[in-house]
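Residue-level listing of the chains:
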Amino acid sequence: MTEAHSPAAPELIRLGPLEIRYLQQAGNGCEMGFFEMRVPPASIVPPPHSHTANEELVYVLEGTLRYTVGSETRDLRAGDFMATPRGTVHAFSNPHAVEARALVINTPDIGPQSFREVAAIVNAGGPPDRAKSNNAELRAGAGGAAVDNPRMSRQCVRTIYIGSGP
């Protein structure tokens, strides 16, 4: 028999305009983790990226999320989903008029720590601290969650949340 788990108050991690509510971390023999992601209209989001060690499935709960996997781009509405195999470049955006809310499932789990570290850098104000960004990326990579290209990851921190280019 499996155990059901329902946290009283999931941790909310804000990455600029994006919100991550980490609902389940890997543990107790389960490698899968998942979180709820809220993407306001016209948010600055990460550039296309890939994860060498993780598969990802995005299931839209509300609104419409534009999602690209490889060369396929779709506008996912409530009830739609798209899977990303390991190592495949993917991206998301919300060019629509209402907030999008999605459930993001990763296996193995990428965990909330990399989001916390990026949030600390992004939400500090001013230009991002390059040394802290690099250290956060290296730690995320040790857990299998870093993007394949570290330069793209640094660009991600700058562009996504700060709005400045590489």
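Residues numbered from 1 in each chain as written. Predicted model: local features only at pLDDT ≥ 70, side-chain atom pairs only at ≥ 80, totals over all residues. Heavy atoms only, no water.

Chemist: I'd like a description of the sheet that holds strand 4 (residues 55–62), backed by residues and values.
Modeler: The strand order 1-2-3-9-4-7 describes an open sheet built from 6 strands, whose pairing is antiparallel. Of all strands in the sheet, those bounded by a partner on one side alone are strand 1 (11–15) and strand 7 (81–84). With strand direction ignored, the average angle separating the axes of adjacent strands in the sheet is 25°. Where strand 3 (residues 33–39) and strand 9 (residues 100–107) come together, 7 bridges link them in antiparallel fashion. For Glu36, the partnering residue across the bridge sits in strand 9 and is Leu103. (Pairing = 2+ DSSP bridges. Helix = DSSP H or I, 4+ residues; strand = E, 2+ residues; numbered from the N terminus. Axes fitted to C-alpha atoms, helices over the stretch in contact; angles between N-to-C directions.)

Chemist: Can you tell me about the sheet that holds strand 6 (residues 72–77), naming the residues and giving the values?
Modeler: If you walk across this open sheet you meet the 3 strands as 6-5-8, and the pairing is antiparallel. Edge positions in the sheet fall to strand 6 and strand 8 (90–93), since each has one partner strand and no second. With direction set aside, neighbouring strand axes in the sheet form an average angle of 20°. The pairing of strand 5 (residues 64–69) with strand 6 spans 6 bridges and is antiparallel.

Chemist: Break down the pairing of strand 2 (residues 18–24) for me, with residues and values.
Modeler: Two elements, strand 1 and strand 2, share 5 bridges in a ladder whose sense is antiparallel. Pairing of Leu15 across the sheet is with Leu18, part of strand 2. If you look at the hairpin formed by strand 1 and strand 2, you'll find 2 residues sitting between the two strands, and Gly16 has a positive phi there, around 60°. Direction of pairing for strand 2 relative to strand 3: antiparallel, over a ladder of 5 bridges. Each residue of the ladder has a partner; that of Glu19, found in strand 3, is Arg38.

Chemist: I'd love a proper account of the environment of Ile121, names of residues and values included.
Modeler: By secondary structure assignment, the location of Ile121 is in helix 1 (residues 113–122). You can call Ile121 buried: its relative accessible area is 8%. Residues Ile121 and Leu15 lie 106 residues apart in sequence; the distance between their C-alpha atoms is 9.1 Å. (Buried < 20%, exposed > 50% of the residue type's maximum accessible area, 1.4 Å probe, protein only.)

Chemist: Quick rundown of the pattern of salt bridges? Include the residues and the values.
Modeler: Two side chains carrying opposite charge are able to pair once their charged atoms lie near each other. Counting across every chain of the model gives 9 salt bridges. Between Glu36 and Arg101 there is a salt bridge, with the nearest N and O atoms lying 3.5 Å from each other. With a gap of 65 residues between them, Glu36 in strand 3 and Arg101 in strand 9 connect regions that are remote in the sequence. Both residues of the pair, Glu36 and Arg101, belong to the buried class. (Salt bridge = Lys/Arg side-chain N within 4 Å of Asp/Glu carboxyl O.)

Chemist: Give me the lowdown on the environment of Asn54, citing residues and values where you can.
Modeler: Within the element layout of this structure, Asn54 appears in the loop between strand 3 and strand 4. On the basis of relative accessibility, which here comes to 2%, the residue Asn54 falls in the buried class. Separated by 34 residues in sequence, Asn54 and Thr88 have C-alpha atoms that sit 9.8 Å apart. A polar side-chain atom of Asn54 sits 2.6 Å from the main-chain carbonyl oxygen of Pro108. (Polar contact = N/O pair within 3.5 Å; in protein donor to acceptor, adjacent residues only side chain to side chain.)

Chemist: Residues and numbers for the packing of aromatic side chains, please.
Modeler: The geometry of an aromatic ring pair comes down to the distance between the two centres and the angle between the two planes. Tallied over the entire structure, the rule returns 3 aromatic pairs. Judged by centre distance (6.3 Å) and plane angle (50°), the ring pair of Tyr22 and Phe115 falls under tilted. Here the residue Tyr22 occupies a position in strand 2, and Phe115 occupies one in helix 1, the gap between them amounting to 93 residues. Both residues of the pair, Tyr22 and Phe115, belong to the buried class. (Phe/Tyr/Trp six-rings, centres within 6.5 Å; stacked < 30°, edge-to-face > 60°.)

Coordinates in, geometry out; function isn't part of it.
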